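# Observations on the three-dimensional arrangement
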Amino acid sequence: MEPNHTLEYDYLADDRQERAILLHMVLSLLVGMLLGAGGALLSYGPPLIHSIYEPYAYILFVVVVGRTAVGFGWAALTSALATFGPLISLLAATIFESGANLLNLTSRGPGVALGSNGSTMNLTVAVLATFGVLAYLSKRRDIWGDLACGVLAGIVAIDGLDKTLRGGPEYVRGFWPWDTLLVAAFVAALLLILRQGKPLARCALVALTVLSTAFVFAVGV
């Protein structure tokens, strides 16, 4: 009786996939922790550099994690791990810092910034993890993929808008014009990398709609 090589091949393929998923999860957490440690160190440097690193380094990492996930459920799980990684490092850094504030994703002077309350923490974790899920959904080649990509880029642009508008709660002095242009380039890169061809225009339109809506509410029109 000849051995069933098909079953053996399927078993090995499943084993490799499970190992890859496990490695993806572990790296999502560990690299996130390293990024958080970097953010904690940069919080003592120039505020403009810190305001670019945090949150955009975390956003980029979560997007990569979500985009490379093998399924929707894994995208949600690994994106959450990638979000908790920086959070763990920044929370650990507050042991040595009094009066700190990350969780609203702003830099308000030297030192680690950890947000004001548990609600802010929960909202930040949820938003960052959602970026990973949206990045995964952007792989779809239909209108839902266009929508996911556009909403992702639009929300990232909103953060840059909040830091640019004088008088707002997220305003960072000196963010305009160079840091604002960096954020705009980052948003454009997200659109170009996550979506190519004709869908790119639809994604850009969705992103512009999200940003315009936020701007209207911000200026009180």
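Residues numbered from 1 in each chain as written. Predicted model: local features only at pLDDT ≥ 70, side-chain atom pairs only at ≥ 80, totals over all residues. Heavy atoms only, no water.

### As for a nonpolar patch on the surface
Keep this limit in mind: Each patch is assembled from residues with relative accessible area greater than 30% and no salt bridge, linking like charges that lie within 9 Å and nonpolar side chains (Val, Leu, Ile, Met, Phe, Trp, Tyr) that lie within 5 Å. Per-residue and other accessible areas were derived by the Shrake-Rupley procedure at a 1.4 Å probe size, with only the shown protein chains allowed to occlude residues. Salt-bridge detection follows one rule: a side-chain nitrogen of Lys or Arg within 4 Å of a carboxyl oxygen of Asp or Glu. Starting at the N terminus, helices and strands are each numbered in turn, a helix being any DSSP run of H or I of at least four residues and a strand any DSSP run of E of at least two. Exposed residues in this analysis have more than 50% of their type's maximum accessible area, buried residues have under 20%, and partly exposed residues fall in between, with area computed by a 1.4 Å probe over protein chains only.
A cluster of nonpolar side chains, contributed by Leu22, Val26 and Leu30, occupies part of the molecular surface with about 260 Å² of accessible area. Relative to the helices and strands, Leu22 is located in helix α1 (residues 5–42). Residue classification places Leu22 among the exposed positions, given a relative accessible area of 52%.

### Some thoughts on the packing of aromatic side chains
Definition in use: We call Phe, Tyr and Trp rings a pair once their centres come within 6.5 Å, taking the six-membered ring for Trp, and we label the pair stacked below 30 degrees between planes, edge-to-face above 60, and tilted otherwise.
Counted according to the given criterion, the structure contains three aromatic pairs. On the numbers, 6.0 Å between centres and 75° between planes, the contact of Tyr56 with Phe186 is edge-to-face. Separated by 130 residues along the polypeptide, Tyr56 in helix α2 (residues 47–67) and Phe186 in helix α6 (residues 178–194) bring together distant segments of the chain. An identical accessibility class is assigned to Tyr56 and Phe186; each is buried. With 6.5 Å between their ring centres and 65° between their planes, Phe72 and Tyr136 make a pair best called edge-to-face. Residue Phe72 is located in helix α3 (residues 72–93), and its partner Tyr136 is located in helix α4 (residues 118–137); the two are separated by 64 residues in the primary sequence. Using a relative accessible area of 18% as the deciding quantity, one classes Tyr136 as buried.

### Some points on α3
Operational definition: Take the number of residues in a helix, subtract one, and multiply by 1.5 Å to get its expected span.
End to end, α3 covers 32 Å across 22 residues, agreeing with the expected 32 Å (1.5 Å per residue, within 8%). Here α3 has its buried residues at Ala75, Thr78, Ser79, Ala82, Thr83, Gly85, Pro86, Leu87, Ser89, Leu90 and Ala93.

### Observations concerning the state of the cysteines
We count it as follows: Cysteine sulfur atoms are paired as a disulfide whenever they come within 2.5 Å of each other.
Taken as a whole, this structure holds zero disulfides when the rule is applied. Here Cys149 is not cross-linked by a disulfide; its sulfur's nearest cysteine counterpart is in Cys203, at 3.8 Å. For Cys149, a relative accessible area of 1% translates into the label buried. Residue Cys203 is classed as buried on the basis of its relative accessible area of 0%.

### Section: the nonpolar core
The test is simple: The term nonpolar core refers to a set of buried residues drawn from Ala, Val, Leu, Ile, Met, Phe, Trp, Tyr and Cys, joined through side-chain atoms within 4.5 Å. Whether two residues are in contact is decided by their heavy atoms, any of which lying within 4.5 Å being enough.
With 34 residues, the main nonpolar core has Tyr56, Ile59, Val63, Phe131, Leu152 and Val156 as its most contacted residues. Those elements that place two or more of their residues in this core are α1, α2, α3, α4, α5 (143–164), α6 and α7 (199–219). Per element, the largest residue contribution to this core is nine residues, and it comes from α2. The residues contacting Phe131, other than those within four sequence positions of it, are Ile59, Val62, Val63, Leu152, Ile155 and Val156.

### Re the packing of α2 against α3
Two measures define how a pair of helices packs: the angle their axes make with one another and the distance between the axes. In plain terms, the rule: Fitting a line to C-alpha atoms yields each axis, with helices limited to the stretch in contact; the angle taken between N-to-C directions then spans 0 to 180 degrees. In these notes the angle categories are as follows: under 35 degrees is roughly parallel, over 145 is roughly antiparallel, 65 to 115 is roughly perpendicular, and the rest is oblique. The handedness criterion is simple: a crossing whose near helix is rotated anticlockwise from the far helix by less than a right angle is left-handed, and one whose near helix is rotated clockwise is right-handed. Classes in brief: Ala, Val, Leu, Ile, Met, Phe, Trp, Tyr, Cys and Pro nonpolar; Asp, Glu, Lys and Arg charged; the others, Gly included, polar.
At their nearest, the axes of α2 and α3 sit 8 Å apart, and the two run at 150° to each other. Taken together, the axis directions place α2 and α3 in an arrangement best described as roughly antiparallel. At the point where α2 passes α3, the crossing takes the right-handed sense. Mapping the contact onto sequence places Glu54, Tyr58, Phe61, Val62, Val65 and Gly66 in α2 and Ala75, Thr78, Ser79, Ala82, Thr83, Pro86 and Leu90 in α3. Taken together, the residues that form the contact of α2 with α3 break down as eight nonpolar, four polar and one charged.

### Considering unusual backbone geometry
A cis amide bond links Glu54 to the next residue, Pro55, at an omega of 25°. By the element assignment, Pro55 lies in helix α2. Between Trp176 and the following residue, Pro177, the backbone shows a cis peptide bond with an omega angle of 5°. Secondary-structure assignment places Pro177 in the loop between α5 and α6.

### Digging into the pattern of salt bridges
Evaluated as defined, the whole model comprises four salt bridges. Across the pair Asp146 and Arg202 runs a salt bridge whose closest N-O atoms are separated by 2.6 Å. Linking Asp146 in helix α5 with Arg202 in helix α7, this pair joins segments that are 56 residues apart in sequence. Residue classification places Arg202 among the partly exposed positions, given a relative accessible area of 41%. When the shortest N-O distance is used, the salt bridge between Lys163 and Asp159 registers 2.6 Å. Here Lys163 pairs with Asp159, and both are found in helix α5, just four residues apart, close to one helical turn. Here Lys163 falls in the buried class, since its relative accessible area comes to 0%. Taking relative accessible area as the criterion, Asp159 reaches 14% and is therefore assigned buried.

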